[in-house]
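Residue-level structural notes
What follows is each chain in one-letter form.
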Amino acid sequence: MKIKPDEKEKVEQFWKVHSYIAGSYDKVEGFQNLNKEIEKSESGTQANRLFYLALPPSVFAPVTSNIKAACMGKKGWTRVIVEKPFGKDLASSEALSSHLSALFCENQLYRIDHYLGKEMVQNLMILRFGNRVWGPIWNRDSIAAVQLTFKEPFGTQGRGGYFDEFGIIRDVLQNHVLQMLTLVAMEKPASTSAEDIRNEKVKVLKSISKLTMEDSVLGQYVGDPNGTGDAKDGYLDDPTVPKDSSTPTFACCVLYIKNERWDGVPFIVKGGKALNERKAEIRIQFRDVPGDIFVPGMIQRNELVIRVQPNEAVYFKMMTKTPGMSFSAEETELDLTYGSRYKGVVMPEAYERLILDVFAGNQMHFVRTDELSEAWRIFTPLLHRIERERPSCIPYVYGSRGPKEADDLINRVGFRFTGTYRWTKPQL
């Protein structure tokens, strides 16, 4: 735990209100003992219960069955938070959803994806629907491509045995990145109620075609012979990873939304481990200026970038005259960097926001059953093909940008990366 010096007393108080009950996941007796322990602290007329399941998916069924049998609250609401992974494919996910639906109502279930609690992801609704300027241009007529990126600068760090069971697509793309995509692409909801928002997200997912191998690039990192520390080791050097593993640690996939607003616009979802930086961002790239009157190659595409982490920011990349006597142009930005604009503002962690939402009964930032089903529908055919055919992943060096073939793919579908612009964090 990250504890500041002035928080030590609060941490001690926090631990003092904890108690633990030993028991088996599949034995109801342990849950009956848990219920008795909970009842000791329920002295008032109102007492609510919240169960947080940070557990392997294999034990979700017996645990939730035993909670229903022995631990439901009698003086208030009972709610259950379920951590990902929500299954491994469409069939396993639907089996889990059917099991949970037989035990609990939808308003008791909170499938948590912590990316939906991040400041910039929650800001997407305000940015899109609270600013008139974006409405007329937020469509296929003005936008050339959308890229959603998740990067980590480290490898599996000894957790390869767990990661190898799921891979980067299940770990990141099918949930975190796809959730961001729905907020970028959805239509304006009728209100800010949880159901109206989730209805629009489901409509987006239903409009996305199933992902194919031809629209994907898969990679697996190898050690950097010139690196130091962990960078010298590749994925297969992790002792917890099978030596013949074909599990991708990098994936770049292109999705298309078949509706009037987005028809033909590539949505590029990209994620990987052991890359060159830590970054999660949404990059909306606009089309070329029609009738360009300047020197060929001088004018670059505008981009709206929402940096989710680190250094939360929203900036709009645009062209401006180079200062001085010349009449040339250069790339610059209109920049809202939170650390500069909102100095001293303490932003809560994603899990803090989401757990508070559960207490308040707000399901806006949680994944609904049909939403989950549609997400798995999109990715399951590709996942099954990878497991069936075991294609060789393209090797990329630890600390690089990933396979070059990923750049070739996004260039082929219409996203233009020039490498001429670098965002600079403002000096505080």
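Above: the structure in question.
Structure report, in brief. Treat the numbers as computed from the prediction; the structure is a model and nothing was measured. (Residues numbered from 1 in each chain as written. Predicted model: local features only at pLDDT ≥ 70, side-chain atom pairs only at ≥ 80, totals over all residues. Heavy atoms only, no water.)

Quick word on the packing of aromatic side chains
Tallying each qualifying case throughout the model produces 13 aromatic pairs. Here the aromatic rings of Trp134 and Phe316 are separated by 6.0 Å at their centres, their planes lie at 55 degrees, and the arrangement is tilted. Placement of the pair is Trp134 in the loop between α5 (119–129) and β4 (143–151) and Phe316 in strand β10 (residues 313–321), with a sequence separation of 182 residues. Through a chain of ring-to-ring contacts, three or more aromatic side chains come together here, namely Phe163, Tyr221, Tyr235, Phe250, Tyr396 and Tyr398. The ring of Phe166 has Lys88 lying over it, and the distance from NZ or CZ to the ring centre is 5.8 Å. The ring of Phe417 has Arg401 sitting right over it, with the charged end atom 4.7 Å from the ring centre. (Phe/Tyr/Trp six-rings, centres within 6.5 Å; stacked < 30°, edge-to-face > 60°. Helix = DSSP H or I, 4+ residues; strand = E, 2+ residues; numbered from the N terminus. Lys NZ or Arg CZ within 6 Å of the ring centre and 35° of its normal.)

Topic: the side chain of Ser207
Mapped onto the fold, Ser207 is located in the loop between α7 (194–206) and β5 (216–222). Note on Ser207: relative accessible area 18%, which makes it buried. At 3.0 Å, the side chain of Ser207 and the backbone oxygen of Lys203 are in polar contact. Apart from residues lying up to four places away in sequence, Ser207 is in contact with Tyr256, Ile257, Lys258 and Asn259. (Buried < 20%, exposed > 50% of the residue type's maximum accessible area, 1.4 Å probe, protein only. Polar contact = N/O pair within 3.5 Å; in protein donor to acceptor, adjacent residues only side chain to side chain. Contact = heavy atoms within 4.5 Å.)

Quick look at the sheet that holds strand β3 (residues 109–112)
Across the sheet, which stays open at both edges, the three strands sit in the order β1-β2-β3 with parallel pairing between neighbours. Each having just a single partner strand, β1 (49–53) and β3 make up the two edges of the open sheet. Direction aside, the axes of adjacent strands within the sheet are offset by 20 degrees on average. As defined by bridge partners, β1 adjoins strand β2 (residues 78–83) across five bridges and the pair is classed as parallel. (Pairing = 2+ DSSP bridges. Axes fitted to C-alpha atoms, helices over the stretch in contact; angles between N-to-C directions.)

Some points on the pairing of β3
Of the two faces of β3, the one carrying Leu109 and Arg111 and the one carrying Tyr110 and Ile112 are both buried. In terms of handedness, the path from β2 via helix α4 (residues 90–103) over to β3 forms a crossover that is right-handed. (Right-handed = clockwise from strand over helix to strand, strands pointing away.)

A look at the sheet that holds strand β9 (residues 303–309)
Spatial ordering of the open sheet is given by β11-β10-β9-β8-β4-β7-β6-β5-β12, a layout of nine strands whose pairing is mixed. Single-partner strands in this sheet number two, and they are β11 (329–337) and β12 (394–397). Each strand of the sheet is rotated relative to its neighbour by a mean of 20 degrees, with strand direction disregarded. As defined by bridge partners, β5 adjoins strand β6 (residues 250–256) across four bridges and the pair is classed as antiparallel. Its bridge partner being in β6, Val217 is matched across the sheet by Cys252. Packing against the sheet, α5 makes contact with β8 (279–286), β9 and β10, and its axis sits at approximately 145 degrees to β9. Docked against the sheet, helix α11 (residues 404–412) engages β4, β5, β6, β7 (266–272) and β12, running at close to 10 degrees with respect to β6.

Thoughts on the pairing of β6
For β6, the buried fraction is high: six of the seven residues fall into the buried class. Bridging between β6 and β7 involves seven bridges; their strand directions are antiparallel. Its bridge partner lying in β7, Val254 is registered against Ile268.

Some details on the pattern of salt bridges
One pass over the structure, following the stated rule, counts 29 salt bridges. Asp244 is the salt-bridge partner of Arg390, the closest N and O atoms lying 3.9 Å from each other. Here the residue Arg390 occupies a position in the loop between α10 (369–389) and β12, and Asp244 occupies one in the loop between β5 and β6, the gap between them amounting to 146 residues. Several salt bridges converge on common partners, so that one network encompasses Lys151, Glu277, Lys279, Glu281, Arg283, Glu303, Lys317 and Glu331. (Salt bridge = Lys/Arg side-chain N within 4 Å of Asp/Glu carboxyl O.)

Points about the environment of Glu330
With respect to the helices and strands, the residue Glu330 is situated in strand β11. By relative accessible area, Glu330 is classed as partly exposed at 34%. C-alpha separation for the pair Glu330 and Thr247, spaced 83 residues apart in sequence, amounts to 42 Å. In contact with Glu330, not counting residues within four places along its chain, are Met318, Met319, Thr320, Thr322 and Pro323.

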